[in-house]
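Listed below, chain by chain, are the residues.
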Amino acid sequence: MIYLQLFFEFFKTGLFAVGGGMATLPFLYDMAERTGWFTAAQIADMLAVSESTPGPIGVNMATYVGFVTGGVPGAVVASLGLVVPSLIVIMIVAAVLKSFRDNKYVNAAFYGLRPASTAMVASAGITVALSTFVTGSVAALGDLVTAIDWKGVALAAVLLVLTRWVKWTKKLHPIVFIALSAAVGVLLKF
């Protein structure tokens, strides 16, 4: 039964998460609340691992959740659940798009999906930033100073400077920054 539930949950995510892997995050937060398979805090860890491993972020996260929930079969089922809707939609779109290529309604629908996917990715980014930089709930503005994870903010600021404004480091491959960030996280016990 757990495999069917895994497939169904990730099928829904794959069907409605338009905009790539980051757009799956709002669905994962909802899934965490409803199923209890993982916590909202674990999503940040999943995201970090998914971004630092090869492959699409959404598929990596589905594989992780599936593995934690149902072992290797769960990982396969969750990953398939996430990608099957895309395969179905792509096959349908490829079959009919040729005949509707110049249809103004089809063009308008695709144009309308842009802000929706942008909003989903922005929502995911804000949620990840808050879970990374804010350590607890902020009841009042005075609590804001104590609730901020200043080590995370400092690391993000250093990375921003190194990747954007320092001439010799901004040419480095992103994996160098990922590895260095991981090392700093281990050393400073983030």
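It should be noted that the structure appears before, not after, this text.
The shown structure was predicted, so the numbers you read here are calculated from the model rather than taken from an experiment. (Residues numbered from 1 in each chain as written. Predicted model: local features only at pLDDT ≥ 70, side-chain atom pairs only at ≥ 80, totals over all residues. Heavy atoms only, no water.)

A. Region of interest: the side chain of Thr 169. Counting through the fold element by element, Thr 169 comes out in the loop between α7 (150–164) and α8 (174–187). Overall, the relative accessible area of 4% leaves Thr 169 in the buried class. Of the polar contacts made by the side chain of Thr 169, one reaches the backbone oxygen of Val 166; its length is 3.2 Å. What Thr 169 contacts, discounting residues up to four positions off in sequence, is Leu 162 and Phe 177. (Helix = DSSP H or I, 4+ residues; strand = E, 2+ residues; numbered from the N terminus. Buried < 20%, exposed > 50% of the residue type's maximum accessible area, 1.4 Å probe, protein only. Polar contact = N/O pair within 3.5 Å; in protein donor to acceptor, adjacent residues only side chain to side chain. Contact = heavy atoms within 4.5 Å.)

B. Molecular detail of the pattern of salt bridges. Across all of its chains, the model carries 3 salt bridges by this definition. The partner of Lys 12 in a salt bridge is Glu 9, and the shortest N-O contact between them spans 3.6 Å. Of the two residues, Lys 12 and Glu 9 both sit in helix α1 (residues 2–16), 3 residues apart, roughly one turn of that helix. Judged by its relative accessible area of 27%, Lys 12 is partly exposed. One salt bridge connects Glu 9 with Arg 34, and the closest N-O pair in it is separated by 2.6 Å. With Glu 9 in helix α1 and Arg 34 in helix α2 (residues 25–35), the pair connects residues that are 25 residues apart, well separated along the chain. (Salt bridge = Lys/Arg side-chain N within 4 Å of Asp/Glu carboxyl O.)

C. Region of interest: the nonpolar core. In this structure, Phe 10, Leu 25, Leu 28, Phe 38, Ile 43, Met 61 and Val 65 are the most contacted members of the largest nonpolar core, which totals 20 residues. Looking at this core, the elements that each hand over two or more residues are α1, α2, α3 (40–52), α4 (57–97) and α5 (104–133). In this structure, Val 65 is in contact with Leu 6, Phe 10, Trp 37, Phe 38 and Met 46, ignoring residues within four places of it in sequence. (Core = buried A, V, L, I, M, F, W, Y, C linked by side-chain atoms within 4.5 Å.)

D. View of the side chain of Ser 117. In this structure, Ser 117 sits in helix α5. Classification of Ser 117 by relative accessible area gives buried; the value is 16%. A polar atom in the side chain of Ser 117 sits 3.1 Å from the backbone oxygen of Arg 114. In contact with Ser 117, other than residues within four places in its own chain, are Val 18 and Gly 19.

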